[in-house]
Each structure stands twice: as C-alpha cells, then as structure tokens.
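Structural features, examined
Chain residues, written in single-letter form:
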Amino acid sequence: MAPTLTAGNTTKSITTLNPDSLYRRMLKKIGKALIIVSLAGIVMAVVFIGSIFLGFFGHLPDQAALLHYKNKTASLVQADAGEVIGKFFEQNRTNISFDQIPADLINALVATEDARFFEHQGIDTRSLLRVMVKSILFSDPDAGGGSTISQQLVKNMFGRKRYGFLTMPVNKIREAIIARRLEKAFTKEEILALYLNTVSFGENIYGIEAAARRYFNKSTDRLRIEESAVLVGSLKANTAYNPHKNPESSKSRRNVVFMQLSKYKYITSAQDDSLSKLPLVLDYANLESAGPAPYFLVRIKMDARQILGDILQATGKEWILEEDGLIIKTTLNLQMQRFALEAFQEHLSVMQVKLQNQYRSAYGGQLLRAINDSLTLSDVVLHAGLFAMDPTTGAIKTWVGGINFQTNPYDQILASRQLASAFKPVIYAAAVESGILPCQYLRNDPIALEGFEDWSPNNYDKTTGGKYSVAGALAHSMNIPTVNLYLETGFDRVQQLWKKMGFAFEIYDNPSIALGTPEASIYELAVAYSAFANGGYRVKPVGIESISTPDGTLIYQHTLLPLSDRIIDEQTSQLMSAMLQKAVREGTGTSMAGVYGVTGPWAGKTGTSQNYSDAWFGAFNPGLVMVTRVGAATPAIHFSQGANGSGSTLALPLVALTLRKMERDPVTRKSVMVPFPELPPYLQGSLDCPDFKEETFIDKIISIFDPNKRISEPKKELKNQADPAVKKKKKSIFDIFRRKN
C-alpha cells in the first residue's frame, strides 16, 4: 500500500517513482533530441552538399567540360631524326594514351593506390569508412587517404581552394561529385591514362612519360616492372621517395609496391621476393639542365615564338609554346652534336689544365695579381663555341655554345671577338673579285706606314723578304703580303664584301684590319665561309624544320628556296675554295690530316688574335661549314705562347676531333665526305706556282719606287670612328706591272 501524508483534515497519497521508468523516460527524451539533432544534421548536410553541388563554393565542371579538359603539355623539341633534345613548358608534361602504358605499371598503380578501382564508380565507400574509423576514432596515421584514383585525378586536374574551416569537407565533396561525373564521361582505361598524365613526380615533372624519361631515360612503354614500381611508389611522397635524391627510401617504397602486387595476386610471392632483391638502377636524364643542346634550345625558343606569332597574325589562331604540346622538329643532327661535345671534353679538359698550370707557375704565382687584383685562379677558364651548318640549305647541324650552360649561359657562338687571321679570306676574296689571281706575287719586305705611327706589320714567324704567291700567302697566313694585298685591293672593295657577307661590326680604312682587327661572331663567320662552299651565295641559317600539333597536324613547314643572294662570283668561290684547301693541305691547317687523321676534302683557315687571346678555326666543304673559337672570358687571360694558344693548336683540334668522329661514323660520314667540284678548264692550273720566290734584281729596283713599300704621304687623322677621313692610295705603273707579274 502506498504511503499517505496527513496535513490537517487533508490526507494525500505519495507515489514512489520506479528507477527503471525514469531511465526509460530519459532515454526517450534523449532519443528525441538525437533524432532532432540527426535530422538537423542531415538537413544541414543536404543543404551543405546541395550548395556545393549548385556551385555556391565554385563551379563544378559538367561531363562536357570534362571531356574537353586539356592538360598543359610541354612542347617537344626534336633533332632531325626525331630524337627529343629538349622541352618548353610551364609544366613538364608529355601526354600519352592508355595503349602506351605497360600492364605492369597499371597493376602497380591499382594495387597500391586503389585496389577496387575497377569495382567502384568513383567513390570507394568501404575505403572511406575504413579511413574514418581508423583515422578519426583510432587516430591511426597509416589509415590512408580514402581517395580513389578518380578522386585523386580530380584533385590533380582542378587543384584545391581554401574555404577556411570548411576547406577539407568542401574539397572532398567537390572531388567526390566530379569523380562520379568522370566515371560517366570516361572509361576506366581513359581515367587511368588521364591520372598518369596529370600526376606530379617531383622535380617539376608531371605525367608518367616525363618521369620515365627523367629517371630512366626511356619512354613509358619500355619501362620494366621494377622501374614501374619505383615511379608508382614515389606518388606517395615524390620528394621523400625521389629515386634520384633518396635512392634508399625509394627502393624501400618500391618493395612495398611489390608487396601490394603480390597481395592482390598480380605477381606471385616468389616474384615479390626476387624483385625486392634487385638493386635500384637509374639512367637519370635531365634535358633541362644537362641536355645535349641547351644553347641551341634558346635559339629555337626565340625562332618558334616568332613563327607562332606569324601564324597568329595570319590566321588568328593562337598557339602557346609552353602549354600546347607542339612538336618542333629541328635541323640539328644529334650524333654530330654528341661528337662535338665529346671533342670539347677531350681537348678542352687538357688545355684547361695547361692554362691553369701556366698561371700557377708564372712569376711565382703572382701573374694573376699583376694583371688584375680581382682575378683568381678560378677565373682561368677556357670558353669555346662550335657551330656547323649546311652551306647550301642553311640547316644548322651543330650548336655548342659553351662549356657549361648552367654556369656559363652566355652563348659563345654569338659572342663577338677579333677575328685575327680568320678575317683574311674576306680580303683575299675581295682581291680575287677585283681580278687578282692566286699565282700573282706579293712582296714580303718590311713596310712601315706613316700616318699610322709608322706601324709595321710582322709575320707570325718573323721572316721577311722574297715574294709569296696570293695562294701561298693565304695558305701560310703571311701578314706582310696580306697587308700589301689589302693596299692593292683597296678598302672600298673589302668593306663592300664585308657588308654583303652579313657582318655587323663597322670597319674603317686602316691597314691593321688586314691582320684581323675587325670583330665578328662564330655564327657570322660560318655564314661568310658558306659563300666559298656554295658557289658564292649568302645563306641564312635555319634551325626549325617544322612545327606540328600533338595529333600530328602540320602548322609550319620551312620552305627551302633556291640560293639567290649572290655576294661573290662563282669563279671567286671556286678559287677561294681551292686556296683554302691548300691551307689545310700544306699550310696552317696541316694537322687536320697529319695529327688528327681527318681524311675528307676540307678547306679551312686558322686565326690567332694578339697575345693568343682568342684562337679561331673554320673548315668547310660543299656539304658542311664548321667554325670554332676558343678563349678565356677576358683577353687578359691567355696562353703565353703559340704552342698552346694558336689557332692551329687551340681551336683546330675541336673541329678536327669532331670531323674525325663524323668521318668514321657510317651515318654521319655521308654528310661530311662531300668532294669539291673540279675547277673548270679555264681555272685548272691557276694555283700551279711556287708559294715563295726570292726577289730578283728587277723586283728590288721596282720595290724602291713602289708606293706600297712605304706610304710617304701621311694619311689624315681620323676625326672619329663615324667619319674616317682617309686619303686613298694612288695607283702607279708599278701596280700594273706587279698585277701582270
């Protein structure tokens, strides 16, 4: 019976509460609250997801937009046979199709990144729940990310934005929605190809093709299973597992990929054990920092921009060099380029040591300080450039612009330096144009030119006396006869030809130019010498043969036009070729064959500037022109003697070593073993005369009265370089006599 409570005349019954009943009532209230909260949460989640779906947090691409998605793709630069020699890019990426991806690579990717990839439709609910439980409830750092390959692809394609404290949920939901759309727009194979084309592999490279070429120097379709595992393994952390920078970590991660392949039955346990024992072997190839032609790529980028600009102006179609994946085929011959690089390494490494030893020993090691207090032994560095082109088409075949593009990006091919005796063929060509023939003779007696501080030229070997034929004087690079030839030919003819050949440096009437004081670049000299090789025409160097879109559509093709810009007569070209062949055969270029074993038909000319500051050599035949120059960054640094610093010992070997390799290579041999055409009948025998003759008594009498022996009437002083007031030399009867002689 329930207890009662009496108060006055009133009696009340007291009800005792049952604890179980109270608990049930409390649960009901909590349950209602939870339902309300859950419903509110669901409503909020629906609203939140709906707002993302409707684009309140940014536009979501539809299927049509996804189908038209385009990666920023590097434009590839190819050599003349199709080899890749460089890229232009904002992102270093080369897209490939699914059929170019080996099965082992696909298996490794799926086993490691998304084992149920072929089962889900963009979102793997099981993996997502696993990650939520392990990472949120149990704080497991190895729970994984829960994102499918499709979701990762979305992140790679569109990146992530920041939304404050909502950043992670907004991005995850966006990626899930777009991933579902991806699965409807593309096949599974297409998604895998898209993913492998977009993913970063570190070192500013994107996509599997760029990674395969960077780390293994091969295309994706040639990757071995262990190489595929290395690249897939690096996706987890492309810096920590970078195979080039962290090989041990990369190898450990690679073995994890093998374990995953075994777990999902793509390989057997025995294969896993065997593969895991393999060493990590790379063939690292960074074209951007250590490619075969970095200086050439600078030229090609400039030319390509000009061509694309012309296309835009003509058609209205804009192509972006760093994004549109264009294929730029160049004229460069990769084998020839490699031969030249090898020649640089073989020759300059030796000469560099000799130069540094010279400065170590000279004056007890004080010579550098005496030259310039700011110089140190590290400044004693030889720089060089080598350029080769087809003299008929202008196709650039070799472009080595320096010893190291990373540390010395200044292109030596374009640097302007004094030509020294490499300039002499310009004078001789102007003389031949005026009617002078190879077997006419030039005096070798000492001369002093008043009005030029009694300047008196000397021969390299210090000899004087006698007479040299024009051909002999050029072949042996005689200075005094060349000055006499310059005075006889006249400045106007020399200047006119200089300009026709395309040299930019302004020259003035001064006999010293006969010894090579004018400045020019390797590039300019190669163009000039081409006129001797091609019959007398000026040719424009060409680096780009064609430009195509990624699907192979041609948007530019270089048009080869017949040579038409004649700058010297064909006869002059033929005689200059004959005289410069003589220089290689009998004169300053004899070491081409005698020392270096170059057997082909070559003409050429050496050059050695004052104090051995720069050494030049140019060689040519109808199939190729090759020019080089070697010298330190400053003329203050140079060899002290011709045994090391002359054109024949410092520059010629670079050309000779390159040509010897080309002559011995069955592929490049045909392009360099191009014979000179025979001289026409009326010119045959035009060089059949002694190089040197002693002066006769009559010659000595004539020389007394010859105005070229000593210019007694001083020339007027030059007002300034822009207005050289120079009194012209008068002709005399002795000039006519000498012409006939």
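Data block above holds the structure.
Residues numbered from 1 in each chain as written. Predicted model: local features only at pLDDT ≥ 70, side-chain atom pairs only at ≥ 80, totals over all residues. Heavy atoms only, no water.

Okay, unusual backbone geometry next. For Lys265, which is not glycine, the phi dihedral falls at a positive 65°. By relative accessible area, which is 71% here, Lys265 ends up exposed. At Ser477, a residue that is not glycine, the phi angle is positive and equals roughly 55°. Tracing the chain through its elements places Ser477 in the loop between helix H17 (470-475) and helix H18 (479-489). (Buried < 20%, exposed > 50% of the residue type's maximum accessible area, 1.4 Å probe, protein only. Helix = DSSP H or I, 4+ residues; strand = E, 2+ residues; numbered from the N terminus.)

Read across the sheet, five strands follow the order E9-E8-E19-E18-E17 without closing on themselves; strand pairing throughout is antiparallel. Of all strands in the sheet, those bounded by a partner on one side alone are strand E9 (396-400) and strand E17 (603-608). Between one strand and the next, the sheet's axes are offset by a mean angle of 5°, whatever the strand orientation. Note: strand E18 (residues 614-621) against strand E19 (residues 624-632), eight bridges, orientation antiparallel. Along E19, the bridge assignment pairs Gly618 with Val627. Where helix H14 (residues 334-361) meets the sheet, its contacts fall on strand E8 (382-389), E9 and E19, and the angle it forms with E9 comes to roughly 30°. Contacting E8, E9, E17, E18 and E19, helix H20 (residues 522-533) crosses the sheet at an angle of about 150° to E19. (Pairing = 2+ DSSP bridges. Axes fitted to C-alpha atoms, helices over the stretch in contact; angles between N-to-C directions. Contact = heavy atoms within 4.5 Å.)

Contact geometry for H20 and helix H21 (residues 570-586): axes closest at 7 Å, N-to-C directions at 105°. Between H20 and H21, the interaxial angle falls into the category roughly perpendicular. Between H20, through Ala531, Phe532 and Ala533, and H21, the contact on the second element is made entirely by Ser573, Met576, Ser577 and Leu580. When its residues are assigned to classes, the contact of H20 with H21 shows five nonpolar, two polar and no charged. (Parallel < 35°, antiparallel > 145°, perpendicular 65-115°, else oblique. Nonpolar A, V, L, I, M, F, W, Y, C, P; charged D, E, K, R; others polar.)

The geometry of an aromatic ring pair is captured by the separation of the ring centres together with the interplanar angle, meaning the angle of the planes. For the structure shown, the criterion picks out 15 aromatic pairs. With centroids separated by 5.1 Å and ring planes inclined at 80°, the aromatic side chains of Phe117 and Phe118 adopt a geometry described as edge-to-face. For Phe118, a relative accessible area of 46% translates into the label partly exposed. In this arrangement the basic side chain of Arg253 is found over the ring face of Tyr241, its NZ or CZ atom lying 5.8 Å from the centre. One residue, Arg566, lies across the ring of Tyr537, its end atom 4.3 Å from the ring centre. (Phe/Tyr/Trp six-rings, centres within 6.5 Å; stacked < 30°, edge-to-face > 60°. Lys NZ or Arg CZ within 6 Å of the ring centre and 35° of its normal.)

Attention shifts here to empty space enclosed by the protein. Counted according to the given criterion, the structure contains five cavities of 30 Å³ or more. Space inside the second largest cavity adds up to approximately 60 Å³. Val154, Phe158, Gly159, Arg160, Asn171, Arg174, Glu175 and Ile178 together form the lining of the second largest cavity. Elements represented by at least two residues in the lining of the second largest cavity include exactly helix H5 (149-158) and helix H6 (167-185). Among the elements that take part in the lining of the second largest cavity, H6 stands out by supplying four residues, more than any other. Per-class residue counts for the lining of the second largest cavity are three nonpolar, two polar and three charged. (1 Å grid on protein atoms, 1.4 Å probe; cavity = no way out; pocket = protein on both sides within 12 Å on 5 of 7 lines; lining within 4 Å. Points joined across faces, edges and corners; volume = space filled by probe spheres on them.)

Right, let's talk about the sheet that holds strand E13 (residues 467-469) for a bit. Pairing is antiparallel across the open sheet formed by three strands, whose spatial order is E11-E13-E20. The sheet is open, and its two borders are formed by strand E11 (441-443) and strand E20 (692-693), each paired with just one other strand. Relative to E20, E13 runs antiparallel, the two sharing two bridges. Among the inter-strand pairings, Tyr468 is bridged to a residue of E20, identified as Phe692. The strands that H18 touches are E11 and E13; relative to E11, the one it contacts most, it runs at about 110°.

Of note, Asn286 is situated in the loop between helix H11 (269-276) and helix H12 (287-290). With relative accessibility at 15%, the residue Asn286 sits in the buried group. On a C-alpha basis, the gap between Asn286 and Gly86 in space is 9.2 Å, while along the polypeptide they are 200 residues apart. For Asn286, the contacting residues outside a window of four places in its chain are Arg214 and Gly291.

Together, Tyr23, Met26, Leu27, Ile30 and Leu34 give the surface a local cluster of nonpolar side chains, amounting to about 520 Å² of exposed area. If you trace the backbone, Leu27 turns up in helix H1 (residues 19-53). (Patch = residues over 30% accessible without salt bridge, like charges linked within 9 Å, V, L, I, M, F, W, Y side chains within 5 Å. Areas by Shrake-Rupley, 256 points an atom, 1.4 Å probe, with all protein chains shown as cover. Salt bridge = Lys/Arg side-chain N within 4 Å of Asp/Glu carboxyl O.)

So, on to the pattern of salt bridges. Any two side chains of opposite charge can pair, so long as their charged atoms come close to each other. Inspection of every chain in the model, using the stated rule, returns 19 salt bridges. The salt bridge involving Lys329 is made with Glu545; its shortest N-O contact spans 4.0 Å. Of the two residues, Lys329 sits in strand E7 (residues 327-330) while Glu545 sits in strand E15 (residues 544-548), which places them 216 residues apart along the sequence. For Glu545, a relative accessible area of 30% corresponds to the partly exposed category. Asp614 is paired through a salt bridge with Arg629; the nearest N and O atoms lie 2.9 Å apart. Taken together, the residues span a long stretch of sequence, with Asp614 in strand E18 and Arg629 in strand E19 at a distance of 15 residues. Residue classification places Asp614 among the buried positions, given a relative accessible area of 4%.

Attention now moves to the layout of surface pockets. Empty space among the atoms can be located by rolling a probe the size of a water molecule over them. Here the second largest pocket is characterised by a volume of approximately 890 Å³. Taken together, 32 residues make up the lining of the second largest pocket; nearest its centre are Asn458, Tyr460, Asn479, Thr608 and Ser609. Of all elements in the fold, only E17 and helix H24 (647-664) reach the threshold of two or more residues within the lining of the second largest pocket. Of the residues forming the lining of the second largest pocket, the biggest block, three residues, is contributed by E17. When its residues are assigned to classes, the lining of the second largest pocket shows seven nonpolar, 22 polar and three charged.

With eight of its eight residues buried, E8 lies for the most part within the structure. A two-sided burial pattern is seen for E8, the buried positions comprising Leu382, Ala384, Leu386 and Ala388 on one face and His383, Gly385, Phe387 and Met389 on the other. Of the strand pairs in this sheet, E8 and E19 are connected by eight bridges, and their pairing is antiparallel. Across the sheet, Leu382 pairs through a bridge with Ala632, a residue of E19. Looking at chain direction, E8 and E9 are connected through four bridges and run antiparallel. In the strand pairing of E9, Leu386 is matched with Val400. What sits between E8 and E9 in their antiparallel hairpin is a turn of six residues, with Gly394 showing a positive phi close to 85°.

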